[in-house]
Amino acid sequence: MRSALSKSTIYILLAIGAVFMLLPFVWMLSTSLKAPNEVMAMPPVWIPSELNWDNFTEALAVAPFDRYFVNSLIVTVISTIGELVTTILAAYAFSRINFFGKNIIFAVLLGTMMVPGEVLLIPNFVTLSNLGWIDTYQALIVPWTASVFAIFLLRQFFLGVPKELSFAAKVDGCSEFRFLWYVMVPLAKPALITVALLKIINSWNAFLWPLIVTNSQELRTLPVGLSAFTTEAGIKYELLMAASTMVVVPMLILFFIMQKYIIAGVARSGLKG
Amino acid sequence: MDVHLDQLTMQFNDTTAVDSITTTIKDGELVSLLGPSGCGKSTTLMLLSGLYKPTAGDIYFGDEKVTTMDAEKRGIGMVFQNYALYPHLSVLKNIMFPLKMQKVPKKEAIQQVMEMAKLVQIDHLLDRKPAQLSGGQQQRVAIARALVKKPKLLLLDEPLSNLDARLRLEMREEIRRIQQEVGITAVFVTHDQEEALSISDRVMLMNNGVLQQENAPQQMYRKPENIFAASFLGNPPINFLTLHKTENNTYVIQGSSQTLELPSMKWQTHEAFQMGLRPEDLYTVPEEEGLFSGEIIHMETIGRDTLIRLQLGDVTVRALVDPKSRLRVGDRCSLAIEPQEVHYFDPKTGERLRGGNDNDAQANLEKHA
Amino acid sequence: MMLKPTWKSTLKALLYLLPALLILVTFNIYPIVKSFLMSFYTNYDFFKNIINERGFSNFIELFQDPNFIQALQNTVIFVIGVVPISIILSLAIAILLNSKIKFSGLFRTIYFLPFVTSVVAVAIVWSWIFHSDYGLLNYFLGWFGVDPIDWLTDPTFAMPALIILSIWKGLGFNIIIFLAGLQSVNEQYYLAAKVDGASAWHRFKSVTLPLLSPTMFFVSIISIINAFKVFDEIFALFNGKPGPANSALTVVYYVYQKFYEEWEFGLASAAAFVLFIIVFLFTIIQLIIGRKFVHYQ
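Rules used throughout
- Residues numbered from 1 in each chain as written.
- Chains lettered and ligands numbered in written order.
- Predicted model: local features only at pLDDT ≥ 70, side-chain atom pairs only at ≥ 80, totals over all residues.
- Helix = DSSP H or I, 4+ residues; strand = E, 2+ residues; numbered from the N terminus.
- Buried ≥ 20, exposed ≤ 12 C-beta atoms within 10 Å, placed from the backbone.
- Contact = placed C-beta atoms within 7 Å.
- Nonpolar A, V, L, I, M, F, W, Y, C, P; charged D, E, K, R; others polar.
- Pairing = 2+ DSSP bridges.
- Axes fitted to C-alpha atoms, helices over the stretch in contact; angles between N-to-C directions.
- UniProt positions renumbered as here; feature names shortened; annotations may be inferred.
- Domains from an automatic or database assignment.

Chemist: Got a minute to help me understand the overall build of chain B in this structure?
Modeler: Looking only at helices and strands, chain B has eight helices and 22 strands in total. Taking the principal axes of its C-alpha atoms as reference, chain B extends roughly 80 × 45 × 35 Å. With 369 residues in all, chain B has 41% of them scored as buried. Of the contacts made within chain B by residues no fewer than 6 positions apart, 64% connect residues no fewer than 24 positions apart.

See below:
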């Protein structure tokens, strides 16, 4: 398409789009640092005349975002580690061991990927209330410590590791289990990082599930806390934007650092179609 | 340590990859397992390593029966065709890996690694990752890793076939040197006859899972025990002529009208047999002295040799001739061979009847007009 | 050669699979079955876990509920509003990004930003942008002489507001997939077409589009399926309500209402089951048509 549009046209079109994409973030940051009287000014004030960091402390005073942050961190970290462990073990079995029922089990698991998670909401809620787990960390974490998609992704990666490597390790006196951790896992690092990052993003941003299985404020994760905050903060948009910033910024930082892996993971999930 | 195989058999579903092999590999010996791809040589090696378990038969390391013992407990070293180095570990850590598995104290382990690295001459590359090494260097690392734990048996699975021709020659000699220096019993799998014949004390030739012949290299070449052995070894390959009896001691070459007379011998009760003639044993002679003659349809000179292809009716015969001879494509040419160089085989069983360096092979071959 | 399965290897494999299977069976496989069964519980006491009656009445009631019909309608409108625009925009942007310009990495990063951020957070930001008196959007529209619009309180505009937010949020994902698809198209096709004297538009129509059709198809189906599952955006944008006068009530929101607000587990399960059937149909379409008609390289 190069000759259809001139270079400068391409830049202008992309720049307009980029402004549209960035504007909400810029507006969020800008509002979060404004003094209350500038928030509703018309025409809008783009750059606050004074950086009003108090909005953040005030938001923290209204709702325990520090607590929400810790909750989100706990949930994200543990469910990510859990998913990595279950995924590594399962992917190894599916890629390196020949066993009865392998294809059936694998097909059933792949089949479950077709079922939208929303459908599982009600029975899972019932299961958790039977376990007495409603309004606990377990409820936020345990159901999310395994993922068929992750198993599938890692299995594909494991299948690409030459068989001779496991032969060599065996001859070298390495048991299968140690081989998995000493050789396969270090080799699969890029794939594992991708799996972990997609998991972290999903876990951090998850809303419907934590909304349903938690009641007490102490167990709210950031998105749930933020959603409740819209009622608590009323129409104080500078506080809402400060709170939103606290939710959004950690993932933005993560994205800027690990961009390569995240985009590769998304692209890979797309090419699987 | 002697390694003894007793009716070793391996089946995959319906195919028998290794068919009842019985043999003994002597202590300190380098034995080649030679054969075409799919002949079962690699499977035999996998059985020796313990990575595969046989469906029947037994393996003994010395007096110990190891048939069902797992690979990690057999105390063997193994080198693979694709080197199978751990890509994420440095050369040092690759070589140290087996020692780490044995929980050898780090200081001692590093010392042993250094010794081994010196032996295979890669002590200047210890910090590198495998991807930063050439194929030959990677193979040296693989050998060091296999030997570092002082195994009782070294297994090499086509270790040279990923290398280019020149390097292959060099590494071949290196493997031999290292094996002799360490004095380890070694089994070397290859599909390359030249490699097998040059490197080993003894060659075991396999086909379709069956051990065809085991001999010292030269002996196998000089005295193939069946058609397969004769045809697998030798480059350019051996010529086969099928002979049919017409009358007493007179035979016609199948596919041509030429006949030849053979002296009477006890194995000549056969109505037909196959005669194997190595190209390098044939030589040109004046028409009347030749065993057979034909038209030269192709000539090529490779280095010091001139290879001609002779058309006799429907069959072609390859021969290496004196490059100084003035032969040209289209010429008629007669070839002869010393009687003791002729190999005779039964066409039905493929078994050797007589020939090669048999002492009684003083048959007088003459062309019969 | 893979060694044959034995009971020993099966036992070993099951040990490796145990943790994953334990979780997946409990929270993925069992609930699929259970959800199906629950949709037939017509008289269910959740607190005592007693099923008094089973039958089809949930489904009958569901399709007689004007709210559910509206939820279905809204969902379809949402899908039609989001998917085509999002695909056209993201394809166009992907093609621009793929045209060997400088900073394409930077642009890609910017377009992808919304994907990594919390739906709830950005929906709240957008609700501020949609503010009728002080919102940015009405301010910009004011430049063109458009009177302030009550984006979030007028039932006519609630759905467009939701659609704008969703397109913005999902654009980056589609762009990445399209970029991956474009990069897998062999350069030689373009060169060949160029040598043949094809114009840029012609090259796009006869080279890019056909070769990109598997990607297009995949993106469409994924977008449709995701659009059918929309919930977080609505909850955050309209502050815990399905829009003014149920104007943004979607199927998942309906499930949430029946289940979590009204404790109608049977009805909610039946609605969830309808959602599953819809998603399942699209998945099947993807599998069948994808294999048959789409031009693969």
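Chemist: I tried to follow the interface of chain C and chain A on my own but got confused; where do I start?
Modeler: Size of an interface, as often reported, equals the accessible area lost when the parts are brought together. The interface is formed by 79 residues belonging to chain C together with 78 residues belonging to chain A. Ranked by the residues each element gives to the side of chain C that touches chain A, the list is headed by helix α1 (residues 7-38) of chain C, at 19 residues. The residue makeup of the side of chain C that touches chain A, split by class, is 62 nonpolar, twelve polar and five charged.

Chemist: Even after reading the chapter, I still don't get the sheet that holds strand β18 (residues 315-321) of chain B, so can you show me in this structure?
Modeler: Within a sheet, each strand pairs with its neighbour through backbone hydrogen bonds, oriented either parallel or antiparallel. Residues and elements named next belong to chain B. Strand order in the open sheet formed by five strands is β15-β19-β16-β17-β18, and the pairing between neighbours is antiparallel. Two strands bound the open sheet, and with one partner strand each, they are β15 (283-285) and β18. The sheet shows a mean angle of 50 degrees between the axes of neighbouring strands, taken without regard to direction.

Chemist: I tried to follow the UniProt feature "transmembrane region" (unreviewed entry) in chain C on my own but got confused; where do I start?
Modeler: All names here are of chain C. UniProt tags residues 12-33, 76-97, 109-129, 157-182, 209-228 and 265-289 as "transmembrane region" (unreviewed entry). Secondary structure content for residues 12-33 is 100% helix and 0% strand, while the C-alpha to C-alpha distance between its ends is 28 Å. A helix fraction of 100% and a strand fraction of 0% characterise residues 76-97, whose end C-alpha atoms lie 31 Å from each other.

Chemist: Before we go on, may I ask you to explain the UniProt feature "domain: ABC transporter" (unreviewed entry) in chain B in this structure?
Modeler: Mapped onto this numbering, the UniProt entry annotates "domain: ABC transporter" (unreviewed entry) at residues 3-233 of chain B. Secondary structure content for residues 3-233 of chain B is 36% helix and 26% strand, while the C-alpha to C-alpha distance between its ends is 26 Å.

Chemist: Could you clarify how one ought to interpret the pairing of strand β11 (residues 239-247) of chain B in this entry?
Modeler: Successive residues of a regular strand alternate their side chains across the two faces of the sheet. Residues and elements named next belong to chain B. Summarising the sheet, β11 and strand β14 (residues 272-277) pair through six bridges and their orientation is antiparallel. Considered in β14, the bridge of F240 is made with G276. Summarising the sheet, β11 and strand β12 (residues 250-253) pair through four bridges and their orientation is antiparallel. Each residue of the ladder has a partner; that of E247, found in β12, is T250. The antiparallel pairing of β11 with β12 creates a hairpin that spans two residues between the two strands, and N249 there sits at a positive phi of about 60 degrees.

Chemist: How do you make sense of the sheet that holds strand β2 (residues 15-25) of chain B when you look at a structure like this?
Modeler: Residues and elements named next belong to chain B. Taken together, four strands build an open sheet; the order of strands is β2-β1-β4-β5 and the sheet is antiparallel. Bordering the open sheet on either side are β2 and β5 (64-65), each of which pairs with just one other strand. Helix-sheet contacts for helix α1 (residues 41-49) involve β1 (3-12), β2 and β4 (56-61), and the interaxial angle to β2 is about 60 degrees.

Chemist: I keep staring at the domain arrangement of chain B and nothing clicks. Help me out?
Modeler: All names here are of chain B. For chain B, the domain assignment lists domain 1 (3-229) and domain 2 (237-368). Listed per partner, the contact involves seven residues of domain 1 and eight residues of domain 2. When its residues are assigned to classes, the side of domain 1 that touches domain 2 shows three nonpolar, one polar and three charged.

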